[in-house]
Amino acid sequence: MQAILSYSFSFFGTNVTIAALLGQGTLGLINGAFYACLSLGLAVIFGMLNIINFAHGALFMMGAFASWMLLNYLGIGYFPSLILSPLLVGLFGIFLEKTIISRLYKLDHLYGLLLTFGLALVIQGLFRNYYGSSGLPYQIPHVLQGATYIGFMYMPNYRGWVVLAALFVCLATWAIIEKTSLGATLRAATENAPLVQAFGVNVPRLITLTYGGGIALAAFAGVLAAPIYSVNPNMGDNFINIVFAVVVIGGMGSIMGSIVTGFALGVIEGMTKVVYPQASATVVFVVMVIVLLTKPRGLFGKAA
Amino acid sequence: MLDVKDLNAWYGESHILHGVDFNVQEGEVVTLLGRNGAGKTTTMKSIMGLVPRREGHVVFKGAETIDMMPNQIARTGIAICPEERGIFGSLSVTENLMLPPIVAPGGLSVNEIYTLFPNLKERARTAHGTRLSGGEQQMLAIGRILRTGAKMLLLDEPTEGLAPVIVQQIGRTIREIKARGFTVLLVEQNFRFAATVADRHYVMEHGKIIDMIENKQLEANMGKLHEYLGV
């Protein structure tokens with residue numbers, strides 16, 4: 001084992017060890033967890049509402065702020081926040097859908113994109129106005145402090161928790177959509193909403209709840225992110241560009257595609273940091289270009 | 001049971017239905033006959049609320065439904081089997097069958113539906129909706145609305161493009177559900193088929209009902225009907 005881990009090779013003049021590759025790959029899973037949660041929410045929303053939700057990063061940020069506020073104003077800790085913040089931000093999403101976004105369904109995609117982009121700017125601006133942009137600290141909960149040796153590296157416990165929690169929520173979402181009757185109704189409404197409504201399903205309400213659910217996923221990721229990154233109004237920006245690339249690579253609207261692609265790109269990005277650090281910020285987009293050239297509908301996208 | 005009066009419908013600027021009047025009594029099978037573009041499918045969709053704009057009166061079991069949403073209309077006990085069948089490709093056969101919510105007691109059980117359509121049972125476990133043959137898709141589209149407890153069924157060209165043996169099976173099914181007390185409004189191009197199942201026929205032209213013929217008097221009116229349908 002040690003021999004394998006310490007094996008090293010040279011790549012464009014960079015000395016690369018297997019241990020470093022594994023370590024960075026594992027850390028990449030953490031970013032991957034955020035990519036997966038966020039792109040999953042985007043995929044669900046796009047499938048049902050036909051809207052490219054540019055406000056996703058801002059609502060992710062709101063999830064982190066909600067947990068900070070719950071702690072600092074109400075004394076509610078991390079674990080209750082994991083449920084409460086997505087619930088509160090999801091309700092805010094429902095409010096946005098009901099009052100503003102639902103007016104755009106008959107128009108071109110572009111209007112939804114512009115509107116949600118504007119909403120993102122407004123939300124970020126409001127938070128910057130009240131909380132500044134320097135960032136607020138959020139402590140890692142006590143039971144998740146420390147680190148554990150996992151054979152080739154010390155894994156900070158909190159980061160391991162983030163990966164597992166995100167994986168669990170993503171797979172649960174997948175199971176709801178692919179394996180339950182509610183999920184069957186959702187998939188059917190994605191295909192032919194008027195007919196599903198003519199069978200007696202209240203499709204407008206289903207759409208509203210879907211948006212709320214997608215937003216709750218983003219807020220959940222925000223709560224997970226709060227102790228890792230400082231809680232600040234722009235924290236969603238770093239993620240959202242990559243997440244859009246993830247959605248495109250996975251295939252617009254594909255559920256499993258977003259989860260697998262999210263985690264995989266986190267790992268690829270991490271490993272690139274070892275092999276060729278200069279490319280780590282762009283490797284996702286290189287992958288996107290390659291995928292679009294070879295499979296224009298994305299890795300998991302369905303043929304038209 | 002269903003009373004349609006002065007029904008008008010529009011798609012954007014095009015005025016498709018110009019005052020449609022007809023009624024369907026409980027337990028009847030009634031057809032809408034007419035050439036392509038006469039407004040038969042639009043009439044079906046208008047009853048269900050599936051057109052962008054409709055005016056007039058659609059009274060079902062004594063209640064006006066003209067201002068209701070499609071999901072509310074469905075809950076009053078009307079179900080549609082659309083012309084394009086509307087089988088969902090991302091759903092399995094069983095999911096397609098179980099998709100429409102139960103709106104009233106008294107629908108057929110899944111086993112009864114499988115007895116009517118044995119092919120569906122064989123395909124239920126494996127196939128996805130769109131892998132079915134045209135006939136199987138049509139059986140699925142009819143079968144799934146029999147489950148819901150809706151007693152008024154709108155069947156839009158259920159025999160279109162199907163092999164004669166399957167057309168016969170669908171004919172048997174319509175007679176069977178009529179015997180069980182269902183009411184059926186049927187759009188048909190094939191009036192020979194319609195004659196084997198229906199009590200009355202309405203003839204449509206240019207978005208209006210222009211005639212009504214009792215099935216018993218169909219033979220006597222053949223000449224007139226050929227003229228209407230241009231066959």
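All values reported here derive from a predicted model rather than from experimental measurement.

What counts, and where the lines are drawn
Just so you know, the residues in each chain are numbered from 1, in the order the chain's sequence is written. To label them, take the chains in the order written and letter them from A, then take the ligands in the order written and number them from 1. With the structure being a predicted model, the display of local features is reserved for residues of pLDDT at least 70 and the display and counting of side-chain atom pairs for 80 or more, all residues being used for whole-chain, interface and lining totals. Hydrogen atoms and water are omitted, and side-chain values are computed over all heavy atoms in the structure. Helix and strand assignments follow DSSP, with helices taken as H or I runs no shorter than four residues and strands as E runs no shorter than two, numbered in order from the N terminus. The quantity called the radius of gyration is restricted to C-alpha atoms. Its globule counterpart is 2.2 Å times the number of residues to the power 0.38. Each residue gets one of three labels from its accessible area relative to the maximum for its type: buried under 20%, exposed over 50%, partly exposed in between, using a 1.4 Å probe on protein chains only. For this analysis, residues touch if any pair of their heavy atoms sits within 4.5 Å. Expected span of a helix: the number of residues minus one, times 1.5 Å. What counts as a salt bridge is simple: a side-chain nitrogen of Lys or Arg found within 4 Å of a carboxyl oxygen of Asp or Glu. Patch membership requires over 30% relative accessible area and the absence of a salt bridge. Like charges are linked within 9 Å, and nonpolar side chains (Val, Leu, Ile, Met, Phe, Trp, Tyr) within 5 Å. Here the Shrake-Rupley method, with its probe set to 1.4 Å, supplies the accessible areas, and only the displayed protein chains count as covering residues. Fitting a line to C-alpha atoms yields each axis, with helices limited to the stretch in contact; the angle taken between N-to-C directions then spans 0 to 180 degrees. By definition in this entry, angles of less than 35 degrees are roughly parallel, angles greater than 145 are roughly antiparallel, angles of 65 to 115 are roughly perpendicular, and the rest are oblique. Should the near helix be turned anticlockwise from the far one by less than a right angle, the crossing is left-handed, and should it be turned clockwise, the crossing is right-handed. Three classes are used, and their members are as follows: Ala, Val, Leu, Ile, Met, Phe, Trp, Tyr, Cys and Pro are nonpolar, Asp, Glu, Lys and Arg are charged, and the others, Gly among them, are polar. Think of a nonpolar core as a cluster: buried Ala, Val, Leu, Ile, Met, Phe, Trp, Tyr and Cys residues, connected wherever their side-chain atoms sit within 4.5 Å. At least two bridges found by DSSP between two strands is the condition for calling them paired.

> Is there a simple way to explain the overall build of chain A in this structure?
Within chain A one finds 11 helices and 4 strands. Rg of the C-alpha trace for chain A: 20 Å, near the compact-globule value of 19 Å for 304 residues, within the 12% margin. For chain A, the spread of C-alpha atoms along the principal axes amounts to about 65 × 50 × 35 Å. Going through the 304 residues of chain A one by one, you find that 50% of them count as buried. Of the contacts formed within chain A by residues at least 6 apart in sequence, a portion of 75% connects residues at least 24 apart.

> Even after reading the chapter, I still don't get helix 8 (residues 203–225) of chain A, so can you show me in this structure?
Think of an α-helix as turning once every 3.6 residues; residues three or four places apart then point the same way. Between its first and last C-alpha, helix 8 of chain A extends 33 Å over 23 residues, near the 33 Å set by a 1.5 Å rise per residue. In terms of burial, helix 8 of chain A is a largely internal element, 18 of the 23 residues being buried.

> How do you make sense of the pattern of salt bridges when you look at a structure like this?
Here the idea is simple: oppositely charged side chains can pair when their charged atoms come close. All names here are of chain B. Counting across every chain of the model gives 9 salt bridges over all chains. Between Arg180 and Glu112 there is a salt bridge whose closest N-O contact spans 3.3 Å. Here Glu112 lies in helix 4 (residues 110–116) and Arg180 lies in the loop between helix 7 (164–179) and strand 8 (183–187), a separation of 68 residues in the sequence. Look at Arg180 and you get partly exposed, because its relative accessible area is 37%. Its salt-bridge partner being Asp199, residue Lys178 comes within 2.8 Å of it at the nearest N-O pair. Note that Lys178 is positioned in helix 7 and Asp199 in the loop between helix 8 (191–197) and strand 9 (200–205), a separation of 21 residues in sequence. Taking the relative accessible area as the measure of exposure, Lys178 reaches 26% and is therefore partly exposed.

> Help me understand a nonpolar patch on the surface in this model?
Together, Leu84(A), Leu87(A), Leu88(A) and Leu91(A) line one region of the surface with nonpolar side chains, adding up to about 360 Å² of accessible area. Structurally, the position occupied by Leu88(A) is in helix 4 (residues 78–99).

> It is not clear to me how the packing of helix 9 (residues 235–250) of chain A against helix 11 (residues 283–294) of chain A should be interpreted in this structure. Could you clarify?
Helix-helix packing is described using two parameters, namely the angle between the two axes and the distance between the axes. All names here are of chain A. Contact pair helix 9 / helix 11: the axes reach a minimum separation of 9 Å and the direction vectors enclose 25 degrees. Put simply, helix 9 runs roughly parallel to helix 11. By crossing handedness, the relation of helix 9 to helix 11 is classed as left-handed. Residues Asn241, Ile242, Ala245, Val248 and Ile249 of helix 9 form the contact with helix 11, whose own contacting residues are Val284, Phe285, Val287, Met288, Val291 and Leu292. A class-by-class count of the residues in the contact of helix 9 with helix 11 yields 10 nonpolar, 1 polar and no charged.

> Even after reading the chapter, I still don't get the nonpolar core, so can you show me in this structure?
Burial of nonpolar side chains together is a common tendency in soluble globular proteins. Phe34(A), Leu224(A) and Leu185(B) are the most contacted members of the largest nonpolar core, which has 158 residues in total. In terms of residue count, helix 2 (residues 18–49) of chain A provides more of this core than any other element does, 14 residues in total. When sequence neighbours within four positions are dropped, the list of residues in contact with Leu224(A) reads Phe34(A), Tyr78(A), Leu82(A), Tyr158(A), Trp161(A), Val162(A), Ala165(A) and Ala166(A). Membership of the second largest hydrophobic core comes to 10 residues, among which are Val203(B), Ile213(B), Tyr228(B) and Leu229(B).

> For this particular structure, what's the right way to read the sheet that holds strand 6 (residues 78–81) of chain B?
Consider a sheet: its strands pair through backbone hydrogen bonds, and that pairing is either parallel or antiparallel. All names here are of chain B. One open sheet holds the 6 strands; their spatial order is 6-7-8-3-9-10, and the pairing between them is mixed. Taken across any chain shown, the strands that pair with only one partner, and hence form the sheet edges, are strand 6 and strand 10 (208–214). The sheet shows a mean angle of 20 degrees between the axes of neighbouring strands, direction not considered. Where strand 7 (residues 152–156) and strand 8 come together, 5 bridges link them in parallel fashion. The residue bridging Leu154 from the neighbouring strand is Leu185, located in strand 8. Its contacts with the sheet place helix 6 (residues 134–146) against strand 6 and strand 7, and it is angled at close to 175 degrees to strand 6. Contacting strand 3 (29–34), strand 9 and strand 10, helix 9 (residues 222–229) runs over the sheet at an angle of about 155 degrees to strand 10.

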